[in-house]
Each structure stands twice: as C-alpha cells, then as structure tokens.
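Residue-level structure breakdown
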Amino acid sequence: MEVFLLYHINELNEDDCKLIGVYSSKEKAEKAKQKSLLLPGFLNSPNSFLIDKYNLDEDHWQEGFVTVK
C-alpha cells in the first residue's frame, strides 16, 4: 500500500520541515496542499511544498548516518 506525505520546507532554512499530513492518495495530498495555501505563513511560500510517496511496511532509511560536528 502506498501513502503520500505532504511536507512544507522553509526556503530559508531547510531544517525547518513541517509534516502537514499523510494521505491515502496523491489527489488527497494535493487537496490538503491547496487548503494549507490559505493559511498564514504557507500562503507566502507556495513553492515550498513537497509530496512524497512511500510504501507501507518497508524500510526507507537503509544506509545508516554520520554525525558531522
């Protein structure tokens, strides 16, 4: 089963990433995006939304990570 995650990523600070919601279809994620565009903050940065598709019950981070100080 696939789900669609809707994010808003701050254009000036990519560490400021908001998960708006998780949806059962891309169409529902698009509708949520359009609804979010009417809200303060979001309406000023309409190109900062990302819809990403994920498969359920599947690992999505398989390579580990390194901490940089």
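Procedures and definitions
- Residues numbered from 1 in each chain as written.
- Predicted model: local features only at pLDDT ≥ 70, side-chain atom pairs only at ≥ 80, totals over all residues.
- Heavy atoms only, no water.
- Salt bridge = Lys/Arg side-chain N within 4 Å of Asp/Glu carboxyl O.
- Buried < 20%, exposed > 50% of the residue type's maximum accessible area, 1.4 Å probe, protein only.
- Helix = DSSP H or I, 4+ residues; strand = E, 2+ residues; numbered from the N terminus.
- Arc of directions from axis to C-beta.
- Contact = heavy atoms within 4.5 Å.

Structural notes on the pattern of salt bridges
Counted under the stated rule, the structure contains two salt bridges. Lys 18 serves as the salt-bridge partner of Asp 16, at 3.0 Å between the closest nitrogen and oxygen.

Some thoughts on helix α1 (residues 26–36)
The α-helix advances 3.6 residues per turn, and as a result positions three or four apart in sequence lie on the same side. Listed as buried for α1 are Ala 29, Ala 32, Lys 33 and Ser 36. Looking straight down α1, one finds its buried side chains confined to an arc of 105 degrees; they lie on one side. Within α1, the exposed residues directed more than 90 degrees away from the buried face are Glu 27, Lys 31 and Lys 35. Buried residues in α1 make contact with β1 (2–9), β2 (17–23) and β3 (49–55).

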